[in-house]
Amino acid sequence: MTTERETLNYGPVLFHYDLFPEKIEQHGKVKKVITKRGTFALKEAEMTEDERSWFTHVIQRLSEIGFHQVVPLYPTKFGDYTVQLGSRTYYLMPWFASDERNERAKDEVLIDHLGKIHALTLKEQDFSNEVVEHSYQYLMNRWENRQYEMERFTEEAEQKTYMSPFELTYLSHFHQIMRMTEEAKRRLKEWYETCQREKRYRSVLCHGKVSRNHLIFNPTGEGHLLNFEKAVLDTPIRDLAVYFRRAAHQKEWTPEEGKSLLDLYEKHVPLLNEERGLLISYLSYPEPVFNAVDLYCMKRNDYSQIEMVHRLESRIRAMKKIRNFCDAIMMAPPPALIEPTDSIPTKIHINDDGDHI
Amino acid sequence: MELINTLEKEYELYGIRWKERPHLIMTDYGEKRIRYWSEKENLHWHIRWRDESSKGSGAVPDRMIRTKSGEPAIKYGNKWLTVHDHAEEWYGCEDVERWGQFIGTLLNTAMSSDKQDVFVKQTRHPVFDLKSCITLAEKYLEANFQCMVTSIKESKQRLDFSHAIKNKLRNHALPVLDKELSVKNGRKIFHFLFYQGGESLPIKGYLPLRKFLVEWLEQTSPSSLKLLLTEVNKHFSLDREQGLLLLAEVVTPWELYDCLDQLDNSSLERMIDGLKKYEDCWESNRILVKTVTEWFDEKRRKVAL
């Protein structure tokens, strides 16, 4: 139920839309706002001024280039698409009730939409040696530093007389983890060398936070994407890596399913050889496993050993599925292109920050 | 009815009816105010300050509600027409922090006006005219009324001080502010500060803020005024040149005009009464000068410590 306090808290925001809430419900990071004028979804976010204007530009641009499967933003009565209140940014969307009948089709719709956006915004960039060099060095250094941290954790664990169950589990998979790390680095180096040789690099508008939670179905059953707060111009592999890495953690997910979803994506944007290599590189790097180790080191008192071990084992299982998926896509020829592409002006950068499970 | 029909056609507003012709209407989304503008440049200036000062500020100015096609105003006859929110409940002066943040944001916006803009360049910069005041007070000065002699003498001293600061900082830009900056324009909606701006031609310099500070002092106390300046200073620095320019405007004896307005020599009784009012008006305004100069002195001492 809405309290008077909530009405007062969100009143200054909803005032911009001439809405008076009858009821406000919390649904994750979104507020469901029930008013006499209908039901709305109010999202609260932290964005800088530049991020706000980029975010609204992305939403408008997608509509301009013909991609309409985005949850629309309602403008305020003053014509803005976001409301800034103190350090917080808010935006209002229609409320779509979740439809469980469509849950099974979610991944297909998500990948299909992603493919469409990438195809519509695909742009061959003017080759910049400086940018590619910087991106490569940045990522390689980051990966090597992480690898060094993990090797140090391993050495410290090995010196203990009695290892914890977590350390024991980690050590029993250590060589396999390091093999995947080396494979990721090798693939990244190959990508860099191919870019240097071919002097080409493609960028697209990446959603930036691809997740099943960011696809919802409207009352007519049409899937709509939302949460473009982290949208960025980057290699299409950025979105694909985030998606497949998350997907591999689902219990039922299989490399075969992943392969057929990638085929679906490639009907819109067939990947270049070096892009396929970059995808394998991103996916092979065992960042989720390293993150589980970080969590163990920093918050071991917050969780039980069994919880920590389960988390690690689940990530190692996902890593194995990822390895099989990588083997499958390495061999496959790309399917034929089915749709023409359009492009928008872009800037080039590769960024591996965040979004690792 | 013609205007109502136009509004229903142009705006996403429903159930429009007059509440108070020709300025207030009721709609299904609440009460709205209509403003009429005869000068396009003035309208653009008012759209800009309202839009800009709403960014990040805890207060909401009465921005122009956009039309269905996203325009901030519509042409109506030979004028332009804008629609705004309207609220009756007064916000009061208790929330010093919120007011300080709003005034600070407003000053930042006022300083960022396009200096090359012809309209901004031509904005009026009011100048205090002591000579005309002395002419008005001539008979009283000849009669050697003590309060008149003292106030004119002090006015000269204050004006000299103000000129000295302004001359020293003459190369520094001045804010361009809404002429009708007033505590009374602060209204309450959902417990937040909703500020109803004016329509007049803007003013260059700190005179509108001086008037606001006078009003604040009338409504509150010297300590509250100091607190307000401290809050403003958090969002718009008064530590350097702009602070001195504000001080220069505060010490300028603008209140002399109001004091002279109190005089009435139509009868002896009225003349005595007028002189009493003159003295009261002068004394109460001295508190403003004293409080603001004290605030600047205290701040300087804190920095020195």
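Small disclaimer: the values here were computed from a predicted structure and weren't measured.

Q: It is not clear to me how the domain arrangement of chain B should be interpreted in this structure. Could you clarify?
A: Interfaces are frequently sized by the accessible area removed from exposure as the parts join. Residues and elements named next belong to chain B. For chain B, the domain assignment lists domain 1 (2–85) and domain 2 (96–304). Put simply, the middle of domain 1 and the middle of domain 2, counted by C-alpha atoms, are 30 Å apart. Opposite the 22 residues of domain 1 that make contact, domain 2 presents 24 residues. In this assembly, domain 1 packs against domain 2 so that about 2000 Å² is buried in total across both faces, 59% of it on carbon and sulfur atoms. Our count for the contact surface shared by domain 1 and domain 2 stands at 1 salt bridge. Across the salt bridge formed by Glu-199 and Arg-35, the nearest N and O atoms sit 2.8 Å from each other. Across the contact surface, domain 1 and domain 2 share 12 residue pairs in polar contact (both at pLDDT 80 or more). Contributions of two or more residues to the side of domain 1 that touches domain 2 are made by β3 (30–37), α2 (40–53) and β4 (60–61). Across the side of domain 1 that touches domain 2, the residue classes tally to 7 nonpolar, 6 polar and 9 charged.

Q: Help me understand the sheet that holds strand β1 (residues 17–20) of chain B, please; the structure alone is not making it clear to me.
A: Each strand in a sheet pairs with its neighbour through backbone hydrogen bonds, running either in the same direction (parallel) or in the opposite one (antiparallel). Residues and elements named next belong to chain B. Pairing is antiparallel across the open sheet formed by 5 strands, whose spatial order is β1-β2-β3-β6-β5. Lying at the two open borders of the sheet, with one neighbouring strand each, are β1 and β5 (74–76). Averaged over all adjacent pairs, the angle separating strand axes in this sheet is 40 degrees, with direction ignored. Lying over the sheet, helix α1 (residues 2–10) contacts β1, β2 (24–27), β3, β5 and β6 (79–85), oriented at roughly 160 degrees with respect to β5. Contacts from α2 reach β3 and β6 within the one sheet, and its direction differs from that of β3 by about 140 degrees.

Q: Help me understand the side chain of A:Ser284, please; the structure alone is not making it clear to me.
A: All names here are of chain A. Tracing the sequence through the fold places Ser-284 in helix α9 (residues 273–284). We classify Ser-284 as buried; its relative accessible area is 4%. There is a polar contact of 2.5 Å between the side chain of Ser-284 and the backbone oxygen of Ile-280. Ser-284 has contacts with Met-180, Glu-183, Ala-184, Ile-322 and Cys-326, leaving out every residue within four places of it along the chain.

Q: Quick question: what am I supposed to make of the pairing of strand β1 (residues 21–27) of chain A here?
A: In regular strands, side chains alternate between the two faces of the sheet. Residues and elements named next belong to chain A. Of the strand pairs in this sheet, β1 and strand β2 (residues 30–35) are connected by 6 bridges, and their pairing is antiparallel. Of the residues in β2, the one forming a bridge with Ile-24 is Val-33. The hairpin turn running from β1 into β2, its antiparallel successor, is 2 residues long, and Gly-28 in that turn takes a positive phi close to 60 degrees.

Q: Please explain empty space enclosed by the protein as it appears in this structure.
A: Over the atoms rolls a probe the size of a water molecule, and its path tells where empty space is left. Residue and element names in this part refer to chain A. Counted according to the given criterion, the structure contains 5 cavities of 30 Å³ or more. Each pocket or cavity is described by its volume, and for the second largest cavity that value is around 80 Å³. Along its surface, the second largest cavity is lined by Arg-245, His-249, Leu-283, Ser-284, Tyr-285, Pro-286, Pro-288, Val-289, Arg-315, Ala-318, Met-319 and Ile-322. Counting only elements with at least two residues in the lining of the second largest cavity, the list comes to α9, α10 (287–299) and α11 (305–331). Considering every element that reaches the lining of the second largest cavity, the biggest residue donor is α11, with 4 residues. When its residues are assigned to classes, the lining of the second largest cavity shows 8 nonpolar, 2 polar and 2 charged.

Q: So what exactly am I meant to see when it comes to the packing of aromatic side chains here?
A: Each aromatic ring pair is summarised here by two numbers: the centre-to-centre distance and the angle between the ring planes. Residues and elements named next belong to chain A. What the rule picks out here adds up to 34 aromatic pairs over all chains. Look at Phe-15 and Phe-78: their rings are 6.5 Å apart centre to centre, the planes differ by 50 degrees, and that puts the pair in the tilted class. Of this pair, Phe-15 sits in the loop between α1 (4–14) and β1 while Phe-78 sits in the loop between α2 (49–64) and β4 (83–85), placing them 63 residues apart in sequence. The exposure classification of Phe-15 matches that of Phe-78, with both residues buried.

Q: Please clarify how the pairing of β2(A) should be interpreted in this entry.
A: All names here are of chain A. By the criterion of burial, β2 is predominantly enclosed, with 5 of the 6 residues buried. Pairing between β2 and strand β3 (residues 38–45): 6 bridges, direction antiparallel. From the neighbouring strand, Lys-31 faces β3, where its bridge partner is Leu-42. Linking two consecutive strands that pair antiparallel, namely β2 and β3, is a turn of 2 residues.

Q: What exactly am I supposed to notice about the domain arrangement of chain A here?
A: All names here are of chain A. Under the domain assignment used here, chain A contains domain 1 (4–95) and domain 2 (102–331). Between the C-alpha centres of domain 1 and domain 2 there is a distance of 31 Å. The interface is formed by 18 residues belonging to domain 1 together with 19 residues belonging to domain 2. Of the roughly 1500 Å² buried where domain 1 meets domain 2, counting both sides, 69% is carbon and sulfur surface. Linking domain 1 to domain 2 there are 1 salt bridge. Among the salt bridges present, the one from Lys-43 reaches Glu-229, with a minimum N-O distance of 2.7 Å. Where domain 1 meets domain 2, there are 6 residue pairs in polar contact (both at pLDDT 80 or more). For the side of domain 1 that touches domain 2, the element with the most residues is α2, which contributes 5 residues. Classifying every residue of the side of domain 1 that touches domain 2 by side-chain character gives 13 nonpolar, 3 polar and 2 charged.

Q: It is not clear to me how the interface of chain B and chain A should be interpreted in this structure. Could you clarify?
A: Taken together, the contact between chain B and chain A spans 15 residues of the former and 16 residues of the latter. Summing both sides of the interface, chain B and chain A together bury roughly 1400 Å²; the carbon and sulfur share of this comes to 65%. When the buried surface of chain B facing chain A is broken down by residue, B:Tyr29, B:Arg63 and B:Phe190 rank first, second and third, together holding 43% of it. Linking chain B with chain A are 3 salt bridges. The salt bridge involving B:Asp85 is made with A:Lys77; its shortest N-O contact spans 2.8 Å. Between chain B and chain A we count 6 residue pairs in polar contact (both at pLDDT 80 or more) in total. Grouping the amino acids of the side of chain B that touches chain A by side-chain chemistry returns 8 nonpolar, 2 polar and 5 charged.

Q: Just to check I follow, could you spell out the layout of surface pockets for this structure?
A: All names here are of chain A. Here the largest pocket is characterised by a volume of approximately 630 Å³. Around the largest pocket, the lining is made up of 29 residues, and of these Val-30, Asn-213, His-214, Ile-216 and Leu-226 lie nearest the centre. Those elements giving two or more residues to the lining of the largest pocket turn out to be β3, β5 (88–94) and β8 (215–217). Looking at the lining of the largest pocket residue by residue, the classes come out as 13 nonpolar, 7 polar and 9 charged. Formed jointly, the lining of the largest pocket draws a minimum of three residues from each of two domains, domain 1 (4–95) and domain 2 (102–331).

Parameters at a glance
Residues numbered from 1 in each chain as written. Chains lettered and ligands numbered in written order. Predicted model: local features only at pLDDT ≥ 70, side-chain atom pairs only at ≥ 80, totals over all residues. Heavy atoms only, no water. Domains from an automatic or database assignment. Contact = heavy atoms within 4.5 Å. Buried area = accessible area lost by both parts, 1.4 Å probe. Salt bridge = Lys/Arg side-chain N within 4 Å of Asp/Glu carboxyl O. Polar contact = N/O pair within 3.5 Å; in protein donor to acceptor, adjacent residues only side chain to side chain. Helix = DSSP H or I, 4+ residues; strand = E, 2+ residues; numbered from the N terminus. Nonpolar A, V, L, I, M, F, W, Y, C, P; charged D, E, K, R; others polar. Pairing = 2+ DSSP bridges. Axes fitted to C-alpha atoms, helices over the stretch in contact; angles between N-to-C directions. Buried < 20%, exposed > 50% of the residue type's maximum accessible area, 1.4 Å probe, protein only. 1 Å grid on protein atoms, 1.4 Å probe; cavity = no way out; pocket = protein on both sides within 12 Å on 5 of 7 lines; lining within 4 Å. Points joined across faces, edges and corners; volume = space filled by probe spheres on them. Phe/Tyr/Trp six-rings, centres within 6.5 Å; stacked < 30°, edge-to-face > 60°.

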